[in-house]
Amino acid sequence: MLRVRNLIASVLAAALLAPASTALAQGARAQTADQAEAALLNDLLLANHILADQEVLDAFGHISVRSIKNPKHFYLARARAPGLVEPADIIEFDENAEAIDARGRAPYQERFIHSEIYRARPDVGSVIHSHSPATLPYGLTKQPLLPVTHLSAFLGATPTPVFDIRDTEGEKNYMLVRTAPTGAALARTLGKRAVVLMRGHGMTVVAPDVRAAVFRAVYTQMNAQVQSEALRFGKPNALNAYEADRLDAPERPWEMWVDRVTKKP
């Protein structure tokens, strides 16, 4: 109710300084922006639960989304198991990964993964960091992760890049991306790709929006599982450059995943 009253007050204030038609247009735009931001946060909440349900995230890992109203800012839950995240857990962060209004809520240490990728990649609207066990072997060995299923075409036809924190922080590190310089190094390794593996630490996935990011995270994990199984029989016949040049198709699985998590008790 307070949010609605503030919105009405801002429209009335604008009306004193501008023609009625202009004030109404401004009020409509503000309302539309608020509605879009609210829908964005709802997707973020659902995404936390979906990624936990799909076992891409367990008690650890996190997903963020870039703000529509202030593209330098992003939203990320407080440090909590993703499957338990509630609306009150969502925190807004600035471009330096500083909480706008933490209110005592402890943030994830690795929020710099998100801030530095958003800084380096204006095209990215959502970032996921997962400790997916299926992807770990590909960050630990010389075996490259390649797209072997058509739903993983976003991986690209060349090997998925691997980030080794020792290249940035040396041998004495905590395996966590806890600073902006290390986050920036991860973003450089990611480059223009959709996924970057992290030695002994899973993967980070990016996409233009939350739904595509969830799609990519789920199918990267599935792709790794399929590739590992195929390696038991021989060398996998991965997608070629033409086959890997296709768009994501997140809407159908998103609808199914939302239905699944919203019907759970």
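Going by the structure above, here's the rest.
Here goes a summary of the coordinates provided.

Definitions and cut-offs
Residues numbered from 1 in each chain as written. Predicted model: local features only at pLDDT ≥ 70, side-chain atom pairs only at ≥ 80, totals over all residues. Heavy atoms only, no water. Helix = DSSP H or I, 4+ residues; strand = E, 2+ residues; numbered from the N terminus. Contact = heavy atoms within 4.5 Å. Areas by Shrake-Rupley, 256 points an atom, 1.4 Å probe, with all protein chains shown as cover. 1 Å grid on protein atoms, 1.4 Å probe; cavity = no way out; pocket = protein on both sides within 12 Å on 5 of 7 lines; lining within 4 Å. Points joined across faces, edges and corners; volume = space filled by probe spheres on them. Pairing = 2+ DSSP bridges. Axes fitted to C-alpha atoms, helices over the stretch in contact; angles between N-to-C directions. Buried < 20%, exposed > 50% of the residue type's maximum accessible area, 1.4 Å probe, protein only. Core = buried A, V, L, I, M, F, W, Y, C linked by side-chain atoms within 4.5 Å. Polar contact = N/O pair within 3.5 Å; in protein donor to acceptor, adjacent residues only side chain to side chain. Salt bridge = Lys/Arg side-chain N within 4 Å of Asp/Glu carboxyl O. Lys, Arg positive; Asp, Glu negative; His and termini not counted. Parallel < 35°, antiparallel > 145°, perpendicular 65-115°, else oblique. Nonpolar A, V, L, I, M, F, W, Y, C, P; charged D, E, K, R; others polar.

**A look at the overall build of the protein chain**
Thought 1: Looking only at helices and strands, the protein chain has eight helices and seven strands in total.
Thought 2: Taking all contacts inside the protein chain whose residues are at least 6 apart in sequence as the whole, residues at least 24 apart take part in 68%.
Thought 3: Taken as a whole, the protein chain presents about 13900 Å² of accessible surface, with 57% of it coming from carbon and sulfur.

**Brief notes about empty space enclosed by the protein**
Thought 1: In the structure shown here, the tally under the stated rule is one cavity of 30 Å³ or more.
Thought 2: Size it by volume and the largest cavity reaches roughly 40 Å³.
Thought 3: As for the largest cavity, its lining consists of F163, I165, M175, V177, M198, R199 and H201.

**Digging into the sheet that holds strand 6 (residues 195–198)**
Thought 1: Reading across from one edge, 3-2-1-4-7-6-5 is the order of the seven strands in this open sheet, with mixed pairing throughout. Sheet topology places strand 3 (90–93) and strand 5 (162–163) at the edges, where each strand pairs with a single neighbour.
Thought 2: As judged from the four bridges shared by strand 1 (residues 62–66) and strand 4 (residues 126–130), these two strands associate in the antiparallel manner. Looking across to strand 4, one finds that I63 is bridged to I128.
Thought 3: Strands in contact with helix 7 (residues 210–230) are strand 1, strand 4, strand 6 and strand 7 (202–207); relative to strand 7, the strand with the most contacts, it is inclined by about 145 degrees.

**A closer look at unusual backbone geometry**
Thought 1: You will see that E55, though not glycine, has its phi angle at about 60 degrees, which is positive.
Thought 2: Positionally, E55 belongs in the loop between helix 2 (20–53) and strand 1.
Thought 3: With a relative accessible area of 61%, E55 lands in the exposed category.
Thought 4: Positive phi is not limited to glycine here, since A97 has a value of about 70 degrees.
Thought 5: Looking at where A97 falls in the secondary structure, it is placed in the loop between strand 3 and helix 3 (111–120).

**Re the nonpolar core**
Thought 1: With 62 residues, the main nonpolar core has I50, L51, I63, I117, I128, V214 and W254 as its most contacted residues.
Thought 2: Considering each element in turn, this core owes the most residues, nine residues, to helix 7.
Thought 3: Those residues in contact with W254 that sit more than four places away from it in its chain are D43, L46, A47, I50, V210, R211 and V214.

**A look at the side chain of N48**
Thought 1: Positionally, N48 belongs in helix 2.
Thought 2: Within the local environment of N48, its side chain forms a polar contact with the backbone oxygen of L44, the two atoms lying 2.9 Å apart.
Thought 3: The contact partners of N48, leaving out residues within four places of it in the chain, are I63, P82, G83 and V85.

**Points about the environment of T141**
Thought 1: On the secondary structure map, T141 appears in the loop between helix 4 (136–140) and strand 5.
Thought 2: Note: C-alpha distance between T141 and R199 (58 residues apart in sequence) is 8.8 Å.
Thought 3: From its side chain, T141 meets the backbone nitrogen of Q143 in a polar contact 3.2 Å long.

**As for helix 6 (residues 180–190)**
Thought 1: The set of residues buried in helix 6 consists of T182, G183, A185, L186, A187 and L190.
Thought 2: Immediately downstream of helix 6, the backbone of G191 shows phi near 60 degrees, a positive value.

**Looking at the pattern of salt bridges**
Thought 1: On inspection of all chains with the given rule, the structure shows 15 salt bridges.
Thought 2: Two residues, R260 and D53, come together in a salt bridge whose shortest N-O distance is 2.4 Å. Taken together, the positions of R260 in helix 8 (residues 251–263) and D53 in helix 2 put the pair 207 residues apart, joining distant regions of the chain.
Thought 3: When its relative accessible area of 43% is taken as the criterion, R260 is described as partly exposed.

**Focus: the side chain of E110**
Thought 1: Along the chain, E110 falls in the loop between strand 3 and helix 3.
Thought 2: One buried charged side chain, E110, makes no salt bridge at all; its nearest oppositely charged neighbour is R178, positioned 7.9 Å away.
Thought 3: With residues up to four places along the chain from it excluded, the contact list for E110 reads H62, H129, H131, M175, L176, V177 and H201.

**Comments concerning the packing of helix 7 against helix 8**
Thought 1: Between helix 7 and helix 8, the least distance of the axes is 10 Å, while the angle of their chain directions is 85 degrees. Here helix 8 runs roughly perpendicular to helix 7, going by the angle between their axes. Between helix 7 and helix 8, the residues in contact are V210, R211, V214, F215, V218 and Y219 and E251, P253, W254 and W257, respectively.
Thought 2: The class makeup of the residues in the contact of helix 7 with helix 8 is eight nonpolar, no polar and two charged.

**A word on helix 3**
Thought 1: Across the 10 residues of helix 3, eight count as buried, placing the element largely inside the fold.
Thought 2: Of all the positions in helix 3, only R111, F112, I113, H114, S115, E116, I117 and Y118 are classed as buried.

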